[in-house]
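What follows is each chain in one-letter form.
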Amino acid sequence: PTTSPTISGPSRAAMLQSIVSRVSATNETAELYNSTPQGQAFSWLIQDNYTTAATTMTTGMAQTTTPTWDEGRIIQRYIMAVLYFATGGGQRKWTQSFGFLLPIDECLWIPVGETCNAKQEITEIDLSWNGLVGELPSELNYLPSLIRLAVQGNRLQGRIPTRGMQQHLTNLRQYELSDNLLFGTLPTDLFVLTNLQLLRLGTNEFDGTVPTEFGVLTHLTKLDLQLNQFRGTMPTEIFQLSFLQDLEVNHNRLTGTISTSYGTNLTSLTNLELYTNPFRGTIPTELGLLTRLTNLELTDLSLIGTLPSEMGNLGQLSRLAVDYNDLTGTIPTDLARLSSLNKLYLQGNRFIGNISYLCLAPGIGPLDPFRVDLREVACSCCTCCAY
């Protein structure tokens, strides 16, 4: 047999259509010949000869031409092309186009990190802070070897695409969508991604309650829901995530009290950010069990009561912020045991007494900033605040 140039004409288009229709919805298949992102990607694919060739077999006087298709690679290139056109790449909105649509291995289109595995299957897409606009296409959910998808810091809109997610995206471990304009409630299909270890959804416009289904994501180590419009109470299922190290839910509309389960169940936490929510109640003493914490932020939560002496057990804590609540009483001397502390925010409460002992505490500091209400509390080294 001899290898001829690529298949062209209607037969090529028909064959390619039969392949890519597996990942584009039925109504989108009809759009493969118009100006949708799918249509633009399909038009490009027809001209792209990187993964298709034709083999001609001569038998006697007859010649038979059969296609040699790498269907997995065709689908993969098509999906990446749809992503490019759907998010403004074709309109030159991207900060960098990298190698997208060049007649080279698509594994080289993004020259950052390890984009593909040994089988040339895409495992990582990182287009963070790159000027992407529009909506994420559901075709991305048909990359079965994808481990990390990072598109934070763009101007993406719409809802999280779910078509195909349940069947094909279950190997995903890192899903990074923060700092965009995404909206809506979190879809149920998101929680079939049970291998997720990192989920960044912060700084978007998501709303609704925090789903109880989070309890099935037992491998999560980081969960970022900050700066959205979530409401209601934190579901108890969150406290089943024993591997969770970083929890950020600040700047939402979450209500209720701070559960004791943060301290009793989430003992792997190193970062806990609950601030600027309409929580109420007291600071549970059980937070003193979180001995791995390096950052604890409870600012602007309408908390009452005293600052528990158990805070002194958090030996790795470098930042403690309980400012702008309605806390009262004296500041516990146990804070002097926080040998890693270098930032302390106590202002905007009704504390009383003298805390100059923290200025000379061995191992602490220098505390910068060290903020407290100087009208009510005596402090010789505080950096703020006089009212």
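Before reading further, recall that the structure is shown in the block above.
Rules used throughout
Residues numbered from 1 in each chain as written. Predicted model: local features only at pLDDT ≥ 70, side-chain atom pairs only at ≥ 80, totals over all residues. Heavy atoms only, no water. Helix = DSSP H or I, 4+ residues; strand = E, 2+ residues; numbered from the N terminus. Buried < 20%, exposed > 50% of the residue type's maximum accessible area, 1.4 Å probe, protein only. Pairing = 2+ DSSP bridges. Disulfide = S-S within 2.5 Å. 1 Å grid on protein atoms, 1.4 Å probe; cavity = no way out; pocket = protein on both sides within 12 Å on 5 of 7 lines; lining within 4 Å. Points joined across faces, edges and corners; volume = space filled by probe spheres on them. Nonpolar A, V, L, I, M, F, W, Y, C, P; charged D, E, K, R; others polar. Phe/Tyr/Trp six-rings, centres within 6.5 Å; stacked < 30°, edge-to-face > 60°.

Visitor: Tell me about unusual backbone geometry, and name the residues and values.
Guide: Across the junction of Asp368 and Pro369, the peptide omega takes the value 5°, indicating a cis bond. Structurally, Pro369 can be placed in the loop between helix 7 (357–360) and strand 22 (370–371). The phi torsion at Leu101 lies on the positive side, around 75°, for a residue other than glycine. With respect to the helices and strands, the residue Leu101 is situated in the loop between helix 4 (71–86) and strand 4 (124–126). Of note in the backbone geometry, Ser302 takes a positive phi value of approximately 60° without being a glycine. Locating Ser302 in the fold gives a position in the loop between strand 17 (295–297) and strand 18 (319–321). Residue class for Ser302 comes out partly exposed when judged on its relative accessible area of 48%.

Visitor: Break down the sheet that holds strand 23 (residues 377–378) for me, with residues and values.
Guide: In spatial order, the strands read 19-21-23; together these 3 strands make up an open sheet with parallel pairing. Each having just a single partner strand, strand 19 (328–330) and strand 23 make up the two edges of the open sheet.

Visitor: I'd love a proper account of the state of the cysteines, names of residues and values included.
Guide: Scanning the model with the defined rule gives 3 disulfides in all. The disulfide partner of Cys107 is Cys116, and the S-S distance across this bridge is 2.0 Å. Measuring handedness by torsion sign, the sulfur bridge of Cys107 and Cys116 sits at about -95° and is left-handed. In this structure, Cys107 and Cys116 share a single accessibility class: buried. With its sulfur 1.9 Å from that of its partner, Cys359 forms a disulfide with Cys381. One disulfide, between Cys359 and Cys381, carries an S-S torsion of -90° and so falls in the left-handed class. One end of the pair, Cys359, is in helix 7; the other, Cys381, is in the segment after strand 23, with 22 residues separating them in the sequence. Owing to a relative accessible area of 24%, Cys359 belongs among the partly exposed residues under this scheme.

Visitor: Please give an account of the sheet that holds strand 20 (residues 343–345) that cites residues and values.
Guide: Pairing is parallel in the open sheet, where 11 strands are placed in the order 4-6-8-10-12-14-16-17-18-20-22. Edge positions in the open sheet fall to strand 4 and strand 22, since each of these has one partner strand only. Pairing between strand 4 and strand 6 (residues 148–150): 3 bridges, direction parallel. Counted as the bridge partner of Asp126 is Ala150 from strand 6.

Visitor: Tell me about the layout of surface pockets, and please be specific about residues and values.
Guide: Considering only enclosed or pocket space, the largest pocket measures out at about 170 Å³ in volume. Lining the largest pocket, in full, are Val23, Gly72, Ile75, Gln76, Ile79, Glu121, Ile122, Tyr142, Leu143, Pro144 and Ser145. When the residues that make up the lining of the largest pocket are grouped by side-chain class, the tally is 7 nonpolar, 3 polar and 1 charged.

Visitor: Account for the packing of aromatic side chains, naming residues and giving values.
Guide: Per the counting criterion, the structure on display carries 8 aromatic pairs. Judged by centre distance (5.8 Å) and plane angle (70°), the rings of Trp44 and Trp109 are edge-to-face. Taken together, the residues span a long stretch of sequence, with Trp44 in helix 3 (residues 37–47) and Trp109 in the loop between helix 4 and strand 4 at a distance of 65 residues. As far as the burial class goes, Trp44 and Trp109 line up, both buried. With a centroid separation of 5.4 Å and an interplanar angle of 40°, the aromatic rings of Phe100 and Trp109 are classed as tilted. Assessed through its relative accessible area of 6%, Phe100 is described here as buried. Overall, the relative accessible area of 0% leaves Trp109 in the buried class. Aromatic rings pair up to connect Trp44, Tyr84, Phe85, Trp94, Phe100 and Trp109 into one cluster.

Keep in mind these values describe shape, not function.
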